[in-house]
Amino acid sequence: MSQQLQPPALPKNCYQMWGGRFSQKPHEALQVLNNSLPYDSRLYADDLDASKAYAEALHRAGHLDEAEADKLVKSLELLRFDWIEGTVKFRPGDEDVHTVNERLLVEITGELGQRLHTGRSRNDQVVTDMKLWLRKAIRETLGRLSRVIETASRQAELHLGVLMPGYTHLQRAQTVQFSHWLLSHAFALREDGLRLAELRERANVLPLGSGALAGNPLGIDRLWLAERLGFSGVTPNSMHAVGDRDFVVDFIYCCSLVSLHLSRLAEDLIIYSTKEFDFIRLADSFSSGSSLMPQKRNPDSLELIRGMSGVITSNLTGIMMTIKGTPSTYNKDLQFDKEYCFQSFDKLSQVLEVADGVLQTMQVQQNSMEAALSTDMLATDWVSGISSDNPFYYPLTMIIIRHIYAFQAYYLVKKGLPFRQAHHVIGRVVSLAEERGVDITDLPLGELQAFCPSFGSDIVSVADYSNNVQQYNAIGGTSSASIVEQLRLLKKFAKDLRKQS
């Protein structure tokens, strides 16, 4: 009778949470691919917290006596110090953080440690750990967001009244306050904060107790577990719970939007910091030079913020494509959720810190901003303009209203002309000025009145840029009163965020 070949045995120091029905150990290549410790080891504290609560739940359900539960809880807490002190050593059979923690627990408590996994699967274990981690990640991200919003608000308040061109299509459009422009980016970040806060509440339901997919048959009190771990409720369907990574997708989506908003801010600042604009001057600590051209001063900090948005957004695409092809409940594909999620959090944390530093240290070049204002930006305001309480006499050739184009359209509207007609009139005026190679403000009053009799000498009141911006006093506008209210809203929001972080 021929002798049967025996499969290679697992090393004695190899701890496995499965394997009884297998006759061969995993192939070395599969072990390498399957090992998620480089990523999920950062969940060690969350895994210990969930395991402590589960040990207590097993005691409440009568599966552990009080002394056994107490020993498990205290031993798990001892492991926390090993992780913190960096004394935990990984072994060949350690697949993930759950394996490591259970192996170490068994080394301390013996057979008792093997009872902790009673009724629990890594399927519900890992999703619970991820949700515990997510709460902390959102809290930290909200804290960083609040600091950027506060910094932007301080700069806006400090430079209230500074005028600059507002752009659409990267073409000068209307006069705005620098503060209004900067707060437009702060309000985008405010929306990001609201999204993250909403996600934290919506995702805060406990999956632990769902088992591998069918639930828990051992009388575990999931509502008590939820309260013990700080969740607002429990997942209502075990199959959905173990396969759910929507909260990971949502978090990466939120990170992606924050990064996109920071990228747009960075793009504006890159343009405004060029010598062609010279609206902003970046601090040396957030700039770099050239290895060849000694005169160069590059906005690398902003370019890295802009570039990082692509990395974070690619993680969103990655996690969505990973989930797209998976059947219901848990599949090992979901192991990669942590790579996408952790990198998004880490990279966003970095760029938020850099963005805050850039905003804190940048210099606002008021003279350059106001020198860039031009009369063509007031064309709209000539259409609806404002009446003057102080009329002046100007000869026909001297009705030179500087800084007028945006104010022009509104000027005629306030004289009673329908906006579309006023828009057409100003268009013809602009065309005539372009044909002559002059500013619209150089056209005599008599010629303006030939286009529309509503033009009067009071149009001079439209010529002042400062007066121009103050007319936009509806909620959300660029007037000083409106900006002060915007600052109030953002300061309150940032203060509330700090309380949550």
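Structural notes, computed from the coordinates. From a predicted model like this one, the values you see are computed outputs, not experimental measurements.

## What to know about the overall build of the protein
Then step 1. Check the secondary structure of the protein and you find 20 helices and 6 strands.
Then step 2. Each of the 501 residues in the protein was classed as buried or not, and the buried ones make up 50%.
Then step 3. Across the protein, every contact between residues at least 6 apart in sequence was considered, and the portion connecting residues at least 24 apart equals 79%.
Then step 4. As presented, the protein carries roughly 24300 Å² of accessible surface, and 53% of it is formed by carbon and sulfur atoms.

## Structural notes on helix 17 (residues 419-436)
Then step 1. Across its 18 residues, helix 17 extends 26 Å between first and last C-alpha, which sits within 8% of the 26 Å expected from 1.5 Å per residue.
Then step 2. Inspection of helix 17 places Ala422, Val425, Ile426, Val429, Val430, Leu432 and Ala433 among the buried residues, and these make up the whole buried set. For helix 17, the angular spread of buried residues about the axis comes to 160 degrees, placing them on one side. Summarising the geometry of helix 17, the exposed residues directed more than 90 degrees from the buried face are Arg420, His424, Glu434 and Glu435.

## A short note on unusual backbone geometry
Then step 1. Of note, His169 is a non-glycine position whose phi angle comes to about 55 degrees, a positive value.
Then step 2. Here His169 lies in the loop between strand 1 (163-168) and strand 2 (171-177).
Then step 3. Among the residues examined, His169 registers a relative accessible area of 75% and is labelled exposed.
Then step 4. Even without glycine at this site, Leu170 takes up a positive phi of about 60 degrees.
Then step 5. Tracing the backbone through its elements, the reader meets Leu170 in the loop between strand 1 and strand 2.

## Digging into the pairing of strand 1
Then step 1. With 6 bridges connecting them, strand 1 and strand 2 associate as antiparallel partners. Looking across to strand 2, one finds that Leu163 is bridged to Gln177.
Then step 2. Where strand 1 folds back on strand 2, the antiparallel hairpin that results is connected by 2 residues, among which His169 adopts a positive phi of roughly 55 degrees.

## Here's the deal with a nonpolar patch on the surface
Then step 1. Judged by side-chain polarity, Leu78, Phe81, Ile84 and Ile108 come together as a nonpolar surface patch covering roughly 390 Å² of accessible area.
Then step 2. Per-element tally for the nonpolar patch: the top contributor is helix 4 (residues 66-85), with 3 residues.
Then step 3. Relative to the assigned elements, Ile108 resides in helix 5 (residues 97-109).
Then step 4. Its relative accessible area of 40% is what places Ile108 among the partly exposed residues.

## Things to note about the packing of helix 7 (residues 122-158) against helix 11 (residues 246-272)
Then step 1. Axis separation between helix 7 and helix 11 bottoms out at 11 Å; the angle between their running directions is 20 degrees. When the axis of helix 7 is compared with that of helix 11, the two are roughly parallel. Handedness of the crossing formed by helix 7 with helix 11: left-handed. For the pair helix 7 and helix 11, the contacting residues are Val127, Met130, Lys131, Trp133, Leu134, Ala137, Ile138, Thr141 and Leu145 in the first and Phe247, Val248, Phe251 and Val258 in the second.
Then step 2. Partitioning the contact of helix 7 with helix 11 into residue classes produces 11 nonpolar, 1 polar and 1 charged.

## Here's the deal with the nonpolar core
Then step 1. Residues Trp133, Phe178, Phe251, Leu262, Leu269 and Ile280 are the most contacted members of the largest nonpolar core, which totals 98 residues.
Then step 2. Ranked by residue count, the leading element in this core is helix 11, at 15 residues.
Then step 3. Of all hydrophobic cores here, the second largest spans 16 residues; its members include Leu417, Ile426, Ile440 and Leu445.

## Structural notes on the packing of aromatic side chains
Then step 1. Going through the model one piece at a time under the given rule, you end up with 12 aromatic pairs.
Then step 2. Judged by centre distance (6.0 Å) and plane angle (90 degrees), the ring pair of Trp133 and Phe251 falls under edge-to-face. Of the two residues, Trp133 sits in helix 7 while Phe251 sits in helix 11, which places them 118 residues apart along the sequence.
Then step 3. Look at Tyr272 and Phe277: their rings are 5.9 Å apart centre to centre, the planes differ by 45 degrees, and that puts the pair in the tilted class.
Then step 4. Members of the aromatic cluster, connected to one another through ring pairs, are Tyr167, Phe178, Trp181, Tyr272, Phe277 and Phe279.

Procedures and definitions
Residues numbered from 1 in each chain as written. Predicted model: local features only at pLDDT ≥ 70, side-chain atom pairs only at ≥ 80, totals over all residues. Heavy atoms only, no water. Helix = DSSP H or I, 4+ residues; strand = E, 2+ residues; numbered from the N terminus. Buried < 20%, exposed > 50% of the residue type's maximum accessible area, 1.4 Å probe, protein only. Contact = heavy atoms within 4.5 Å. Areas by Shrake-Rupley, 256 points an atom, 1.4 Å probe, with all protein chains shown as cover. Expected span 1.5 Å × (residues − 1). Arc of directions from axis to C-beta. Pairing = 2+ DSSP bridges. Patch = residues over 30% accessible without salt bridge, like charges linked within 9 Å, V, L, I, M, F, W, Y side chains within 5 Å. Salt bridge = Lys/Arg side-chain N within 4 Å of Asp/Glu carboxyl O. Axes fitted to C-alpha atoms, helices over the stretch in contact; angles between N-to-C directions. Parallel < 35°, antiparallel > 145°, perpendicular 65-115°, else oblique. Left-handed = near helix turned anticlockwise from the far one by under 90°. Nonpolar A, V, L, I, M, F, W, Y, C, P; charged D, E, K, R; others polar. Core = buried A, V, L, I, M, F, W, Y, C linked by side-chain atoms within 4.5 Å. Phe/Tyr/Trp six-rings, centres within 6.5 Å; stacked < 30°, edge-to-face > 60°.

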